[in-house]
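A closer look at the structure
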Amino acid sequence: MPVRNITILGSTGSVGISTLDVVARHPDRYQVIALTANKSIGKMLEQCRTFRPLYAVMLDLDSAENLRTEVNKNGIETEVLSGVKSLEKVASLPEIDVVMAAIVGAAGIRPTFSAALAGKYVLLANKETLVMAGHIFMNVVKENHATLLPIDSEHNAIFQSLPRGFTGNHSKDGVRRILLTASGGPFRETSLADMKRVTPEQACNHPNWVMGQKISVDSATMMNKGLELIEAHWLFDAAPEQIQVVIHPQSIIHSMVEYIDGSVLAQLGNPDMRTPIAHALAYPDRIESGVEPLDIFKVAQLDFESPDFSKFPCLRLAYKALALGGSAPAILNAANEVAVEAFLKSQIPFTAIPKMIEQVMEVIKPKDIFTLEDILIVDNLAREAAYERINSEGIDF
Ligand code: NAD
Ligand code: MG
């Protein structure tokens, strides 16, 4: 088994740390070549000390300078770089085999594209890349013979439940529907009236998963499932009406595929990202991930409900963006990122998040997109429109 060289984009985040945890269990299989982060110098220094990568990239220039000083002081021979160009560089170095794309938000799109352009094994956690630029990204993957493996637990479960080598031909493979599971988040049983008053701390307190702040808020609004709907559409060539969102509060089944003969295949496991990460890292082999074996007797019960679109308007907005197509999902994504950030800073109430997104989707009309640059322009426009709403007096959320 040759050692595979890996770059981890967003190594200091929740997915990045879980990835390094799995990688550390298999030093015979993986060599860490590059790690990247935004500003978390402390965590990055620790990771450089443990994994001795050739490169560490901090997006932020000052953070890179500080890290460089620390790395030198500690006698670590890691080259410290900064900026987006360096992120793109370490995602596409010739010696790299595998790139874990685990930067959060639209910031992940450029380096993730670089990895695909360079024909790498792209382990995709950064769902925003597919939401913003699904058809362009899927084409880049195909044209450059990159291999795309989903890390999002639901999409990894769907991938595992589809026939090996599935090419998107549903009728040939007898696929009828995808059942995309959702925990329902921390406010599944909270009334709409109470949701107006929830705090960032409550929103980030997910019942089953420990994740970064942005995706935690997305789970609370159920925008996460909306983004995942769009992600599933592109990954599996599935029409929106072929994707059924299923609320499954235990998060034990990570998603299912229904076939025309009535079979429903599911992937189950404890809610721990190290399972999909290990699956994608070793694919098509299987490796130890450190995840506790599932105690099916302790789980005892699996519940299912249909989603409540009136309580979770973000889900409806995502279906709408997907139906509109073109730049609409990128507009949805940008407005959501700005709204989530504003909510986390207590600038807007929780229930203003979908309202803001809806307003931005009305102001910026969707259009066709052809290149990554088109997408980045739309992303900027939508962000500006969203910031305007936060800053202007008298907007009633
Ligand atoms: P996180 O906030 O914990 O970590 C984000 C990482 O990205 C950090 O290393 C951070 O330094 C880096 N980063 C942040 N802003 C950046 C910028 N502007 N430029 C470059 N780097 C930047 O996020 P996370 O929860 O690990 O999620 C990462 C991605 O994986 C997201 O797209 C999320 O939707 C997806 N995902 C996460 C989980 C999970 O369990 N956390 C599950 C499924 C999918
Ligand atoms: Mg998910």
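Refer to the structure printed above.
These numbers come from a predicted model, not from an experiment.

Notes on the pattern of salt bridges
Per the counting criterion, the structure on display carries 24 salt bridges. Residue K214 is joined to E128 by a salt bridge in which the shortest nitrogen-to-oxygen separation is 3.0 Å. Pair noted here: K214 is in helix α11 (residues 213–221) and E128 is in helix α6 (residues 127–143), with a separation of 86 residues, a long-range link. The same class applies to K214 as to E128, namely buried.

As for the packing of α11 against helix α12 (residues 223–236)
Contact geometry for α11 and α12: axes closest at 5 Å, N-to-C directions at 95 degrees. Classified by the angle between their axes, α11 and α12 sit roughly perpendicular to one another. On α12, the residues touching K214, I215, D218, S219 and T221 of α11 are M223, N224 and L227. Grouping the constituent residues of the contact of α11 with α12 by class yields 3 nonpolar, 3 polar and 2 charged.

Overview of the packing of aromatic side chains
For the structure shown, the criterion picks out 5 aromatic pairs. Ring geometry for F187 and F350: centres 5.1 Å apart, planes at 80 degrees, overall edge-to-face. Note that F187 is positioned in the loop between β8 (175–182) and α9 (192–195) and F350 in the loop between α16 (328–344) and α17 (352–363), a separation of 163 residues in sequence. Linked through ring pairs, F187, F343 and F350 together constitute an aromatic cluster. It is R4 that lies over the ring of Y121; its NZ or CZ is 4.3 Å from the centre.

Calculation criteria
Residues numbered from 1 in each chain as written. Chains lettered and ligands numbered in written order. Predicted model: local features only at pLDDT ≥ 70, side-chain atom pairs only at ≥ 80, totals over all residues. Heavy atoms only, no water. Salt bridge = Lys/Arg side-chain N within 4 Å of Asp/Glu carboxyl O. Helix = DSSP H or I, 4+ residues; strand = E, 2+ residues; numbered from the N terminus. Buried < 20%, exposed > 50% of the residue type's maximum accessible area, 1.4 Å probe, protein only. Axes fitted to C-alpha atoms, helices over the stretch in contact; angles between N-to-C directions. Parallel < 35°, antiparallel > 145°, perpendicular 65-115°, else oblique. Contact = heavy atoms within 4.5 Å. Nonpolar A, V, L, I, M, F, W, Y, C, P; charged D, E, K, R; others polar. Phe/Tyr/Trp six-rings, centres within 6.5 Å; stacked < 30°, edge-to-face > 60°. Lys NZ or Arg CZ within 6 Å of the ring centre and 35° of its normal.

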